[in-house]
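# Examining the three-dimensional arrangement
Now for the letters of each chain:
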Amino acid sequence: MISRRNLLAGIGAGMASAAASRAMAQSFPFKPNQRYPDPAVEILDPSFAKYRLYSSTLEQVATGLRWAEGPAYFPEGGYLLFSDIPNNRIMKYSEKDGSLSVFRSPANFANGNTRDRQGRLVTCEHSVTRRITRTEKSGKITVLADGFEGKRLNAPNDIVVKSDDTIWFTDPVFGIAGEWEGFKAKREQDNTNVFRIGTDGKLTAVITDLVNPNGLAFSPDEKKLYVVEWRGTPNRSIWSYDVNADGTVSNKTKLIDAADQGSLDGFRVDRDGNLWCGWGSNGALQSEPVDVNGRKVYQLKGRPEDLDGVMVFSPQGKPLGFIRLPERCENLTFGGPKNNRLYMASCHSIYALYVDAHGAT
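Residues numbered from 1 in each chain as written. Predicted model: local features only at pLDDT ≥ 70, side-chain atom pairs only at ≥ 80, totals over all residues. Heavy atoms only, no water.

### Brief notes about the pairing of strand 13 (residues 167–170)
Burial along strand 13 is two-sided: Ile167 and Phe169 and Trp168 and Thr170, pointing in opposite directions, are all buried. The sheet contact formed by strand 12 (residues 159–161) and strand 13 spans three bridges and is antiparallel. For Val161, the partnering residue across the bridge sits in strand 13 and is Ile167. Both strand 13 and strand 14 (residues 194–197) contribute to a ladder of four bridges, which runs antiparallel. Residue pairing in the sheet places Phe169 in a bridge with Phe195 of strand 14. (Buried < 20%, exposed > 50% of the residue type's maximum accessible area, 1.4 Å probe, protein only. Helix = DSSP H or I, 4+ residues; strand = E, 2+ residues; numbered from the N terminus. Pairing = 2+ DSSP bridges.)

### Quick look at the sheet that holds strand 19 (residues 249–257)
If you walk across this open sheet you meet the four strands as 16-17-18-19, and the pairing is antiparallel. Each edge of the sheet is formed by a strand with only one pairing partner; in this case those strands are strand 16 (211–218) and strand 19. Each strand axis lies, on average, 30° off the axis of its neighbour in the sheet, ignoring direction. Note: strand 16 against strand 17 (residues 224–231), five bridges, orientation antiparallel. Directly across from Ala217, in strand 17, lies its bridge partner Tyr226. (Axes fitted to C-alpha atoms, helices over the stretch in contact; angles between N-to-C directions.)

### Digging into the confidence of the model for the protein chain
For the protein chain, per-residue confidence averages 92 on the pLDDT scale, and residues scoring 70 or more make up 93% of the total. Counted against residues more than four places away or in other chains, residues 1–23, with its pLDDT under 50, gives three contacts. (pLDDT = per-residue confidence, 0-100. Contact = heavy atoms within 4.5 Å.)

### Let's talk about the side chain of Asp308
Checked against the element boundaries, Asp308 lands in the loop between helix 2 (304–307) and strand 24 (309–313). No salt bridge is formed by the buried Asp308; its nearest oppositely charged neighbour, Arg328, is found at 6.4 Å. Apart from residues no more than four positions distant in its own chain, Asp308 is found in contact with Trp279, Gly280, Ser281, Phe322, Ile323, Arg324, Leu325, Pro326, Glu327 and Arg328. (Lys, Arg positive; Asp, Glu negative; His and termini not counted. Salt bridge = Lys/Arg side-chain N within 4 Å of Asp/Glu carboxyl O.)

### Some words on the environment of Met311
The topology assignment puts Met311 in strand 24. Judged by relative accessible area, which is 10%, Met311 ranks as buried. The spacing of Met311 and Tyr226 is 85 residues in sequence and 15 Å in space, taken between C-alpha atoms. In this structure, Met311 is in contact with Leu44, Leu275, Trp276, Cys277, Trp279, Gly321 and Phe322, ignoring residues within four places of it in sequence.

### Here's the deal with the nonpolar core
By size, the foremost hydrophobic cluster in this structure holds 20 residues, and its most contacted members are Trp276, Val310, Ile323, Leu325 and Met344. Put simply, the parts of the chain that give this core at least two residues each are strand 24, strand 25 (319–324), strand 26 (331–335) and strand 27 (341–354). At four residues, strand 27 tops the list of elements feeding residues into this core. Not counting chain neighbours up to four residues away, the residues in contact with Val310 comprise Trp276, Cys277, Trp279, Gly321, Phe322, Ile323, Leu325, Cys329, Leu332 and Met344. Listed in part, the 17 residues of the second largest apolar core include Ala217, Phe267, Cys277 and Trp279. (Core = buried A, V, L, I, M, F, W, Y, C linked by side-chain atoms within 4.5 Å.)

### Some thoughts on the pattern of salt bridges
Counting across every chain of the model gives 20 salt bridges. Here Asp116 ties to Arg120 by a salt bridge, and the two come within 2.8 Å at their closest N and O atoms. The two residues Asp116 and Arg120 agree in class, both being buried. A salt bridge links Asp209 to Lys252, with the shortest nitrogen-to-oxygen separation between them at 3.3 Å. Here Lys252 lies in strand 19 and Asp209 lies in the loop between strand 15 (203–207) and strand 16, a separation of 43 residues in the sequence. Accessibility expressed as a relative area gives 48% for Asp209, which makes it partly exposed.

### Concerning the packing of aromatic side chains
On inspection of all chains with the given rule, the structure shows 14 aromatic pairs. Here the aromatic rings of Phe48 and Trp276 are separated by 5.8 Å at their centres, their planes lie at 50°, and the arrangement is tilted. In this pair, Phe48 sits in the loop between strand 1 (41–43) and strand 2 (59–74) while Trp276 sits in strand 21 (residues 275–279), placing the two residues 228 residues apart along the sequence. Residue Phe48 shares its accessibility class with Trp276, and that shared class is buried. (Phe/Tyr/Trp six-rings, centres within 6.5 Å; stacked < 30°, edge-to-face > 60°.)

### Observations regarding the pairing of strand 4 (residues 89–94)
Of all six residues in strand 4, five are buried; the element is thus mostly enclosed. Taking the residues between adjacent antiparallel strands as the criterion, strand 3 (residues 79–84) and strand 4 are bridged by four residues, where Asn88 takes a positive phi near 55°.

### A short note on the sheet that holds strand 26
Strand order in the open sheet made by the six strands is 5-4-3-2-27-26, with antiparallel pairing throughout. Sheet topology places strand 5 (100–104) and strand 26 at the edges, where each strand pairs with a single neighbour. Direction aside, the axes of adjacent strands within the sheet are offset by 40° on average. Strand direction decides the pairing type here: strand 3 and strand 4, joined by six bridges, are antiparallel.

Now the structure itself:
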């Protein structure tokens, strides 16, 4: 028999669960593949086979997000921090107990996050404040950059820390271009730059000619800087630069061109120099409509279900492998105790896969 107390407790739990579900936004079920090797891992070149763990399966470790971005792993605590941009918060996934919690809210529509060499969180605040911050071990927030040449930054997007403790980030306009990833605001910078923060705190525009630069990463030896250009090439591309001793870059070379309707976003580099890139549809439409149930509909050029996932390229830009996901992947990072667990921030969810590759540090 159900007592009144148990009934009320059940109703309360249900209401709490519903409230949490609403707060967490869209949650989606996921069924891992039962067989090994997981067919979600596709080998495009035989050289990629050594990076596939035969008995590793794609997992969904978190869901209920609106637009997951900027994953950063903290080995000291065994947890992943990542942004949920439209919900204006940074989330925390714990490997120890599998829990998902809010790390910071509001978070000034944080986008990219990274861990510096001292184990501190460094964040791109994408809107409102439009700045780069560092969270000290005490919890205090230190502002590292919020303007350039007397004008506010656009909308800091992605960020990396070099071994010499300089901080490099991209500054496109996405966080101030509309009302989804922040608040629409006036752009003050003439260009969408890639910036470098020196150890003396000086902010320098190292790349000024890219249209909305996005993800960025260094090669393992840090002699190359790779940057995604969101527009203007005409496809999304990754450009390669030589990194000079004085902190400047030169020898701009196109490394990857997403010419198959793919959409490059965030990416990371492994110890062998391979680029593991978030991938999905670029949203481009067919030039002519087709008939769908009596309506003329302009459809996408590429099928998202064929494009959503992670594309892996060699240091020379050759496609090596593809990790198929049920959602578009915006960004990713290596983590886990052995630095061989690939965490993929993918729209509404975070996916994870153990691989036989390790993130470059």
